[in-house]
Amino acid sequence: MTTYIIRRLMWLIPVIIVVGGITFILMHSAPGGPWDRDLNARQVDPNTQKRLNEQFGLDKPLWRQFTTYMVGDVNSKGEWQWGLIGGNLGPSYRQRGLDVQEILFQSPENKPFWDSRFGYSLRLGFLALGLAIVIGIPLGTISALKQNSMIDYASLFIATIGISVPSFVVAIFLIIIFASWLKLIPVVPKTWQDPRVWILPAAVLGFGTLAYTTRLTRTSMLEVMRQDYVRTARAKGLAERTVVSTHMIKNALIPVVTILGPALAGLITGSFIIETMFGFPGMGRAYVQAIGQRDYSMIMGTTLIYAILVAVANLSVDFVYVLIDPRIRLTD
C-alpha cells in the first residue's frame, strides 16, 4: 500500500505541471494585462508599466516566467527565490505588498484560520456537502423503498431539476424569493458571522450534489433490493427495519460514498460563481476578481490549489472505498 500511495502522490507532479502550463498559456493569451488600469481606474503610463514589468519579471520570455513561477529564479538582489515547489505562490499584482498565499490563507488579525478566504470556501463546501448527504441519502432511500409512489415521483422531479438546472439559475430564483419577495435574508449580507446567512449559499451550492446523491442512492438501493441475501434475510423473519438498515443501506452506500471526496472538491472548486453572486468572502470570489484584473499570480496559485484539492480528494476516495468494502485492496 505504501508504494501505491507514493506512486499516486508522484502523479501529482505531472498533473500540476500540465494544469499550470495550460493555465499559463490561457491567461497570457487573453487580451489585456495587469497594468492596463490601476486600482483607481486610471490608465498607467508606459514608463510605469515598464518598471512594473521589470519588478515582477513580466519582461522576461514566457518560458522563463513559467519556470520561475513553478521552480524559482534569482531575484534582483542576486538571491535564489523559490517558486511553487517551495510553497511560494507569487506576489499579487493588484494587491500590492501581499503574496497570494497571504491573501488566500491568512485570516484577519485575532481571527482563526477558518476566517481566511480558503477557510470560508472550505466551510461552505463542507456545509453544502453536509446538506446533500443529510437530505439526499434519506430521500433516495425512501424513494427506492416507495418505488412508483408519489414520494418517488416527487424525489425524481427534485433530482431532475437539480441535475438539469445550473446552480446560478437556482441562485437567482432563490434570491428573488427569499431576499426580494419574502425579505428573509439580505441580498448581500454585511457580516457572515450569523449562521443564517450561510443557509442560502450552501443550499444553492449543494443542490446539484444533493440531486445526484438522491438519484445514485435510489438506483443503488433498487439494485440491492433484488439481491439474494436480502431475500434470505427477509425469509429468516427479520424485521423490515433491520433488513433495510443492516443489509441494504450499508451495501447501497458503497457507490455513494466513493463520490463524496470528488463531490467535496467539486463543491469547493465550483463555488466561485455562487460566491460572486452572494458576495461571499471566499477563495472563489477572489479568483473571479483576479481573472478580471489579470492578476496572473493569483490566477495561477488559485487554479493549482484547486487542482491539488481535486487530486487529493480522488486519492482519499480509494482509502474510503477500502474501509467500506473489505474485498477491495490497494495493490501495485
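Structure: see above.
Residues numbered from 1 in each chain as written. Predicted model: local features only at pLDDT ≥ 70, side-chain atom pairs only at ≥ 80, totals over all residues. Heavy atoms only, no water.

Engineer: It is not clear to me how the overall build of the protein should be interpreted in this structure. Could you clarify?
Structural biologist: Across its full length, the protein holds 16 helices and two strands. For the C-alpha atoms alone, the extent of the protein along its principal axes is close to 85 × 60 × 40 Å. In the protein, buried positions account for 41% of the 332 residues. Considering only contacts in the protein between residues 6 or more positions apart, those separated by 24 or more positions represent 66%. Here the protein displays about 18,500 Å² of accessible surface, and carbon together with sulfur accounts for 64% of that area. For the protein, the distance from the average site of its 30 positive side-chain charges to the average site of its 21 negative ones is 8 Å. (Helix = DSSP H or I, 4+ residues; strand = E, 2+ residues; numbered from the N terminus. Buried < 20%, exposed > 50% of the residue type's maximum accessible area, 1.4 Å probe, protein only. Contact = heavy atoms within 4.5 Å. Areas by Shrake-Rupley, 256 points an atom, 1.4 Å probe, with all protein chains shown as cover. Lys, Arg positive; Asp, Glu negative; His and termini not counted. Charge placed at Lys NZ, Arg CZ, Asp CG, Glu CD.)

Engineer: Please clarify how the layout of surface pockets should be interpreted in this entry.
Structural biologist: Think of a ball as big as a water molecule: rolled over the atoms, this probe shows where empty space is left. Roughly 730 Å³ of volume is contained in the largest pocket. If you go around the largest pocket, you meet 30 residues; those closest to its centre are F56, G57, T68, Q81 and P91. Elements represented by at least two residues in the lining of the largest pocket include exactly α2 (12-29), α3 (46-56), α4 (62-70), β1 (72-74), β2 (80-82) and α16 (296-324). The class makeup of the residues in the lining of the largest pocket is 11 nonpolar, 14 polar and five charged. (1 Å grid on protein atoms, 1.4 Å probe; cavity = no way out; pocket = protein on both sides within 12 Å on 5 of 7 lines; lining within 4 Å. Points joined across faces, edges and corners; volume = space filled by probe spheres on them. Nonpolar A, V, L, I, M, F, W, Y, C, P; charged D, E, K, R; others polar.)

Engineer: What should I look at first to understand the side chain of T302 in this one?
Structural biologist: By the element assignment, T302 lies in helix α16. Its relative accessible area of 0% is what places T302 among the buried residues. At 2.8 Å, the side chain of T302 and the backbone oxygen of M298 are in polar contact. When residues no more than four places from it in sequence are discounted, the contact partners of T302 are L104, M283 and Y287. (Polar contact = N/O pair within 3.5 Å; in protein donor to acceptor, adjacent residues only side chain to side chain.)

Function cannot be inferred from these measures alone, as they are strictly geometric.
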